[in-house]
Amino acid sequence: MNDIDVVVVGGGNAGFSAAHAAVERGRRVVLLERGDEASAGGNSFYTAGATRVPHDGLDDLRRIVVPDERHERSIVPPYSVDDFRADLVKVTEGRNDPELTEVLVTEARPTLEWLIGLGLDYRLMYERQAYDRPDGSFLFWGGLHVGNVGGGEGLIADHTRVAHREGVGIRYGAFVVDLLREGERVVGVRLDDGSEVRAESVVIASGGFEASPELREAELGPGWQHAKVRGTPYNTGVLLEAALRAGAARGGDWTTCHSAQWDAFLPENESNRELTNRLTRQSYPLGVLVNRDGERFLDEGADFRNYTYAKYGREILAQPGSVAWQVFDATLRPMLRTEEYDMPGISVECADTLDELAERAGIPVEAFERTIGAFNDAIDRDVPFDPTVKDGRASHVEPVKSNWASPIETPPFFAYGVTCGITFTFGGLRTDTHGRVVRDDGAPIDGLFACGEALGGLFSKNYPGGSGLTAGMVFGRRAGELA
């Protein structure tokens, strides 16, 4: 008999969830993490920890989140299973796999409670998902309310502590390059040093191919080789390619990805473990976004940022130089996320006049002033400005800004340089609802499972914020329950 029952490849949220579930069943589990102990955690480490789950409002959530004195002054609208399902359909334009979706939305809450029972801590995300209102209350918005204590770093620390307590064997610096097969069955993995680890089951939890410039260009298209890698440098698609060689079918949309607005000019703006998610710039719905020519090119206020941010990175990639500027005035500046817009070394220009701001950012002055002037003149100023709801306060220019249109008129003015930061690729391996990897004919490959970003089919073009970590824990647990 083998000494190991289950090999999990990848030490992020999905991989650990699979390991926890397998150990609970009495399986002997080893988790192989490509990074060393100081660079481990996959993309999960780089997240803010936001986790989308259905709930019945604040009183319901109080039972599972850590206490906070602000709870007494908070309004958290309920977010139902139906809401979650509808959001997935909306943002993917119906390209989400309905069976995988049903599992995700119905098992998100019980899976979160399972992780909390194991010892992971969650909280309400005040600094990211609520605004402090004039009366001192907080109104949460966008269906995404819960996150890990300590963000992604806290998430991985909690998972690691639980895994050690359970007896999961964690091997750092273990770069898996291929699958071992006997006939049609997967029986283990091969590492880059030629060593092998054999087991009854292998769970691929090693992410997508976003850290490979070559695969990005080949699958996503020209220009994507220039995108900045937000998270781990180790998600290069090696295990996806190994599974395809073993007969696995492709799952989901290999032509699109999660990409966000990302600090454009900070020299250390890729895989930065110190700043992690603070390099994102997510307050853009409040301001105006212009390209190098001084022109607007999208609707900043089309929806809450939870439903647009993962697709707007590609819009910036397509602009001249793959760069844009988020523009705010002194009225808007205090509303920007502190953790993102007050970070060290941020790419920002500040000036007391619009023409000076344009000069400092290298934007044509006349075009910039014309764009801002037209935007200001077309605002529905009689409609109250309220960032906690879709307020309908529009600027009727082309392209329209549908909500939260506030004039850029009070100095000083600010321009934050942003580019395209790629988070993860949406295409992966085709699986059934239990994470079993299948062939083109739908037959499972014995001994092979996938979860997390390696599982394709849930997302296309876009995704609802926080649903990536949710999918990782749900399908990681499912894979571990069978592996």
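The shown structure was predicted, so the numbers you read here are calculated from the model rather than taken from an experiment.

*Asks:* Outline the domain arrangement of the protein, listing residues and values.
*Replies:* Size of an interface: often given as the accessible area lost when the parts come together. Here the protein is partitioned into domain 1 (6-207 + 426-482) and domain 2 (259-420). Each of domain 1 and domain 2 has a C-alpha centre, and the two are 31 Å apart. Facing the 28 residues of domain 1 at the interface are 22 residues of domain 2. Among the residues domain 1 hides against domain 2, the three largest losses belong to Tyr-46, Arg-128 and Tyr-131. Together they make up 33% of the total. One can count three salt bridges joining domain 1 with domain 2. Close ionic contact of Glu-340 with Arg-128 constitutes a salt bridge, the shortest N to O distance being 3.3 Å. Where domain 1 touches domain 2, the interface holds 16 residue pairs in polar contact (both at pLDDT 80 or more). The set of elements that each furnish at least two residues to the side of domain 1 that touches domain 2 consists of helix H3 (81-91) and helix H5 (126-129). Among the residues forming the side of domain 1 that touches domain 2, the class breakdown is 13 nonpolar, eight polar and seven charged.

*Asks:* Residue-level account of the sheet that holds strand E4 (residues 74-75), with values.
*Replies:* Strand order in this open sheet of three strands is E4-E7-E6, and the pairing throughout is mixed. In this open sheet, the two strands that pair with only one neighbour each are E4 and strand E6 (130-132).

*Asks:* Explain unusual backbone geometry to me, using residue names and the numbers behind them.
*Replies:* Here the residue pair Glu-398 and Pro-399 is connected by a cis peptide bond, since its omega of -5 degrees sits within 30 degrees of zero. Along the chain, the position of Pro-399 falls in the loop between helix H12 (365-377) and strand E20 (413-425). Despite not being glycine, Glu-93 shows a phi value in the positive range, around 55 degrees. In this structure, Thr-276 takes a positive phi of about 40 degrees despite not being glycine. In this structure Thr-276 comes out as buried when scored by relative accessible area, which is 15%.

*Asks:* Kindly report on the pattern of salt bridges, identifying the contributing residues and their values.
*Replies:* Evaluated as defined, the whole model comprises 37 salt bridges. A salt bridge links Lys-90 to Asp-303; the nearest nitrogen and oxygen atoms lie 3.1 Å apart. With Lys-90 in helix H3 and Asp-303 in the loop between strand E17 (288-291) and helix H9 (309-317), the pair connects residues that are 213 residues apart, well separated along the chain. Looking at Lys-90, the relative accessible area reads 41%, which means it is partly exposed.

The rules behind each value
Residues numbered from 1 in each chain as written. Predicted model: local features only at pLDDT ≥ 70, side-chain atom pairs only at ≥ 80, totals over all residues. Heavy atoms only, no water. Domains from an automatic or database assignment. Contact = heavy atoms within 4.5 Å. Buried area = accessible area lost by both parts, 1.4 Å probe. Salt bridge = Lys/Arg side-chain N within 4 Å of Asp/Glu carboxyl O. Polar contact = N/O pair within 3.5 Å; in protein donor to acceptor, adjacent residues only side chain to side chain. Helix = DSSP H or I, 4+ residues; strand = E, 2+ residues; numbered from the N terminus. Nonpolar A, V, L, I, M, F, W, Y, C, P; charged D, E, K, R; others polar. Pairing = 2+ DSSP bridges. Buried < 20%, exposed > 50% of the residue type's maximum accessible area, 1.4 Å probe, protein only.

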